[in-house]
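What follows is the residue order along each chain.
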Amino acid sequence: MTVSRNLANPAFDGKPMKIESVHGVEFTYPTRRSSDSAGHSHPGPEGLGKLALLTITTDEGHCGYAFAPPEVIRPHVLDAFVRKVLIGQNPFQREHLWQALEHWQRGSAGQLTDRALAAVDQALWDLAGRALGQPVYRLIGGYRDKVQAYGSTMCGDELKGGLSTPEEYGAFAETLVARGYKAIKLHTWMPPVRFAPDTGMDIKACAAVREAVGPHIPLMLDGYHNYSRTDALTIGRALEKLNFTWFEEMMNEQSMASYAWLAGQLDIPIVGPESLSGKHHSRADWVAAGACDILRAGVPGVGGISPTLKVAHLAESFGMNCEVHGNGAANLAVCAAIKNCRWYERGLLHPFLDYDEVPTYLNSLADPMDANGDVHLSQLPGLGEDINFDYIEAHACA
Ligand SMILES: O=C(O)[C@H](O)[C@@H](O)[C@@H](O)C(=O)NO
Ligand SMILES: [Mg+2]
């Protein structure tokens, strides 16, 4: 019995790579998405959005990239924390670098955020993939090469013909099914919409969508995030009658006890926490407290791809799914890497906006979806973002 000898010459020459520079470039791009006073996005007049591209470069010329809000990776954050931890270090030692940054968060007076850790971790994974010539989703697990998407609507609004009535939700749901989506999540009305919150309107919107798409399309509700326990129970019982698949962020996620109470009252799976801080640490407490039936984590929200994987593996250890929060190349890579995530959240969607329009700073979509509702992973090395560097340079802010 012979043993195969490894014939491939390892690329490694014994000299570990070192991070040589960390840069952030802020740039503008046209957008018709604007945020309301609660941070929820809605369609609006075309304006200029601002984004930043984080670039980590090694002494061998390898680069890793991550997009982030400019304030997250502003010069002070890069100067005071990120460069001090990263420069001179081996970019493949992600866990060491991430732990060093997390350690510094406590003493950063709130300046070093989870989203900053996420941008750094994401860029380091992108760099690893580009250096090794492999898509990141394969490096972190490679469970599948395509992931089914659910259409995640924007929050409700007061725009005629938009998402201003239950009937408009129903009509939009029909177009989403026709586009290929095999599941739909509603974000319903929230303040500053004048009549929100309104349990009756939320239930009517869910009933209108169920009526529009029929009994076999999985539906989920992610509505107003601060209902009382009793209001949340009222909605939850209505969703059970409408055969909804999960109920998400219906109360303040800082009250884990409220979620444990509600999960004990309802049969419909409770999903969370989404927006709660605490990374994988707080999510372990939710599992221990029985506060959710399905865990939730998104790369920007929990501090990167690395902690999102920790949440997914925690969930799997308890026989739970971890539904990844949000769209984008990094979240998609995690969805494709693991078994215990049913859907990719594609959105946020609105009748007035074409989600399939490629942003000006990319050459192609990070999450193209076919007519069957499958999102196919890019085979480009790294996270697969086809970045339009010329556009970014031409529209860089001074
Ligand atoms: O609260 C928001 O900004 C949006 O609802 C956003 O988080 C949305 O992506 C969501 O809740 N997904 O589940
Ligand atoms: Mg949500």
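Residues numbered from 1 in each chain as written. Chains lettered and ligands numbered in written order. Predicted model: local features only at pLDDT ≥ 70, side-chain atom pairs only at ≥ 80, totals over all residues. Heavy atoms only, no water.

A. Main features of the site of ligand 1. Around ligand 1 sit Gly-39, His-40, Lys-185, His-187, Asp-222, His-225, Glu-248, Glu-274, Arg-296, His-325, Glu-345 and Leu-348, and those are all the residues in its vicinity. Between an oxygen atom of ligand 1 and a side-chain N or O atom of Glu-248, the distance comes to 2.8 Å. Between an oxygen atom of ligand 1 and a side-chain N or O atom of His-325, the distance comes to 3.0 Å. Relative to its free-state accessible area of 320 Å², ligand 1 is covered by the protein chains to the extent of 79%. A per-class count over the shell around ligand 1 returns 1 nonpolar, 5 polar and 6 charged. (Near = heavy atom within 4 Å. Polar contact = N/O pair within 3.5 Å; in protein donor to acceptor, adjacent residues only side chain to side chain. Areas by Shrake-Rupley, 256 points an atom, 1.4 Å probe, with all protein chains shown as cover. Nonpolar A, V, L, I, M, F, W, Y, C, P; charged D, E, K, R; others polar.)

B. Seen up close, helix 3 (residues 114–132). End to end, helix 3 covers 27 Å across 19 residues, agreeing with the expected 27 Å (1.5 Å per residue, within 8%). In terms of burial, helix 3 is largely enclosed, as 15 of its 19 residues are buried. Trailing helix 3 by a residue or two, Gly-133 shows a phi angle of about 70°, which is positive. (Helix = DSSP H or I, 4+ residues; strand = E, 2+ residues; numbered from the N terminus. Expected span 1.5 Å × (residues − 1). Buried < 20%, exposed > 50% of the residue type's maximum accessible area, 1.4 Å probe, protein only.)

C. A look at unusual backbone geometry. Geometrically, the link from Gly-272 to Pro-273 is a cis peptide bond, its omega value of -5° lying close to zero. Take Pro-273: it is sitting in the loop between strand 8 (270–271) and helix 9 (279–289). A cis amide bond links Gly-347 with the next residue in sequence, Leu-348, at an omega value of 10°. Note on placement: Leu-348 falls in strand 11 (residues 344–349). Look at Glu-249: it is not a glycine, yet its phi comes out positive at around 40°. With respect to the element layout, Glu-249 can be found in the loop between strand 7 (246–248) and helix 8 (256–265). With phi around 55°, Lys-279 is a residue other than glycine that occupies positive phi space. Considering the arrangement of structural elements, one finds Lys-279 in helix 9. Overall, Lys-279 belongs to the buried group, its relative accessible area being 7%.

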